[in-house]
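If you want the building blocks of each chain, they are given just below.
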Amino acid sequence: FKIGLGYDFHVLEEGRPLMIGGVEIPFHKGEKAHSDGDVLLHAIIDALLGASGVGGDIGELFPPSDVAWKGMPSSKLINIAWQKIKLHGWRLGNIDCVVIMEEPKLTPYRKTIIKSISNLLEADDSCVFVKFKTHEKTGDIGKGEAIASFVTALLYK
C-alpha cells in the first residue's frame, strides 16, 4: 500500500471554462492555465504519481513549457498518467478530494464529478469522494480570484 498527496492552485479569469473533475461547471470564470486548468484532476494526478513513485510530478510529466500540452483537456492528462501507473502494477484503493472555492456552490455537482473521476480511473464510484469548502471570504480564494484542491490517494499492488 502507498499513499500520495496532491495539491493544485489556479488563478481564475473571466471567459475561461471552469473545469472541476472533468466536468464543466457553469460559471463566468475558469482556471487560468497551460492546459484546461482542471485543478481537481491536476491534484489527483499528483497524488497518484506521488503514491506510485512513477513519472515525477505533473509538471515533469506534462511540462508547461511543452506546447504539446497547451489547452489539453486534463481528462487526457490523467488518462496518460493512470495508464503509466497501471503498467507498474498499481491499482486504486481510493481517493479523497477537497476543492476550495468561494463560488459557485459545487455540492449540486458532486455526483457528476465523482462519476467523471471514477470513469477516468476505471474505478467504482465508492472509491472516489469529493468535498467542497470555501475560504471564508479570505485570501485570493475567498475573494473569488482563485481555486485550490487537495487530494489523497491510496494505491496497492
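Here, the structure is the one placed above.
All figures in this text were calculated on a predicted structure; none of them were measured in a lab. For every chain, the first residue of its written sequence is number 1, and the numbers climb from 1 along that sequence. Given that the model is predicted, a residue must reach a pLDDT of at least 70 before its local features are reported, and side-chain atom pairs must reach 80 or more before they are shown or counted; all residues, however, enter totals for whole chains, interfaces and linings. Derived side-chain values reflect all non-hydrogen atoms in the structure, with water molecules and hydrogen atoms excluded from consideration.

A. Representation of the sheet that holds strand E4 (residues 29-31) within the structure. Across the sheet, 5 strands lie side by side as E4-E1-E7-E5-E6; this open sheet has mixed pairing. Edge positions in the open sheet fall to E4 and strand E6 (128-133), since each of these has one partner strand only. Across this sheet, the average inter-strand angle for adjacent strands is 20 degrees, counted without regard to direction. Whether two strands pair comes down to DSSP finding at least two bridges between them. For helices the rule is a DSSP run of H or I covering at least 4 residues; for strands it is a run of E covering at least 2, with both sets numbered from the N terminus onward. Bridge count for strand E1 (residues 2-14) against E4 is 3 bridges, and the pairing is antiparallel. Looking across to E4, one finds that leucine 12 is bridged to glutamate 31. Whenever a helix is involved, its axis is fitted only over the stretch in contact; in every case the axis is a line through C-alpha atoms, and angles between N-to-C directions fall within 0 to 180 degrees.

B. Local environment of the environment of glutamate 145. Looking at the element boundaries, glutamate 145 is found in the loop between helix H5 (139-142) and strand E7 (146-156). Between buried and exposed lies partly exposed: a residue is buried under 20% and exposed over 50% of the maximum accessible area for its type, with that area taken using a 1.4 Å probe on protein chains only. Judged by relative accessible area, which is 37%, glutamate 145 ranks as partly exposed. Note on contacts: a residue pair is in contact if any heavy atoms of the two residues lie within 4.5 Å. Not counting residues up to four positions away in its chain, the partners in contact with glutamate 145 are Val11, Leu12 and Asp140.

C. Highlighting the packing of aromatic side chains. Only rings of Phe, Tyr and Trp enter the pairing, Trp through its six-membered ring, and a pair is recorded when the two centres are within 6.5 Å. The plane angle decides the type: under 30 degrees is stacked, over 60 is edge-to-face, the rest tilted. Tallying each qualifying case throughout the model produces 3 aromatic pairs. Pairing phenylalanine 1 with tyrosine 156 gives two aromatic rings, centres 6.1 Å apart and planes at 40 degrees, and the pair type is tilted. Of this pair, phenylalanine 1 sits in the segment before E1 while tyrosine 156 sits in strand E7, and the two are 155 residues apart along the sequence. On the accessibility criterion, tyrosine 156 (25% relative accessible area) is partly exposed. Relative to tryptophan 69, the ring of phenylalanine 62 has its centre 4.8 Å away and its plane inclined at 85 degrees; by these criteria the two rings are edge-to-face.

D. Molecular detail of the side chain of serine 35. Note on placement: serine 35 falls in the loop between E4 and helix H1 (39-52). Using a relative accessible area of 8% as the deciding quantity, one classes serine 35 as buried. Those residues in contact with serine 35 that sit more than four places away from it in its chain are Arg16, His42, Trp69, Gly71, Met72, Ser74 and Leu77.

E. Just the packing of H1 against helix H3 (residues 74-87), in detail. In contact at an axis separation of 10 Å, H1 and H3 are set at 10 degrees when each is read in the N-to-C sense. On the basis of their axis angle, the class for H1 and H3 is roughly parallel. Within the contact between the two elements, H1 uses Leu41, His42, Ile44, Ile45, Leu48, Leu49 and Ser52 and H3 uses Ser74, Ser75, Leu77, Ile78, Ala81, Trp82 and Ile85. In terms of residue class, the contact of H1 with H3 is made up of 10 nonpolar, 4 polar and no charged. These descriptions rest on fixed angle ranges, namely under 35 degrees for roughly parallel, over 145 for roughly antiparallel, 65 to 115 for roughly perpendicular, and the rest for oblique. Any residue outside Ala, Val, Leu, Ile, Met, Phe, Trp, Tyr, Cys, Pro, Asp, Glu, Lys and Arg is labelled polar, Gly included; the first ten of those are nonpolar and the last four are charged.

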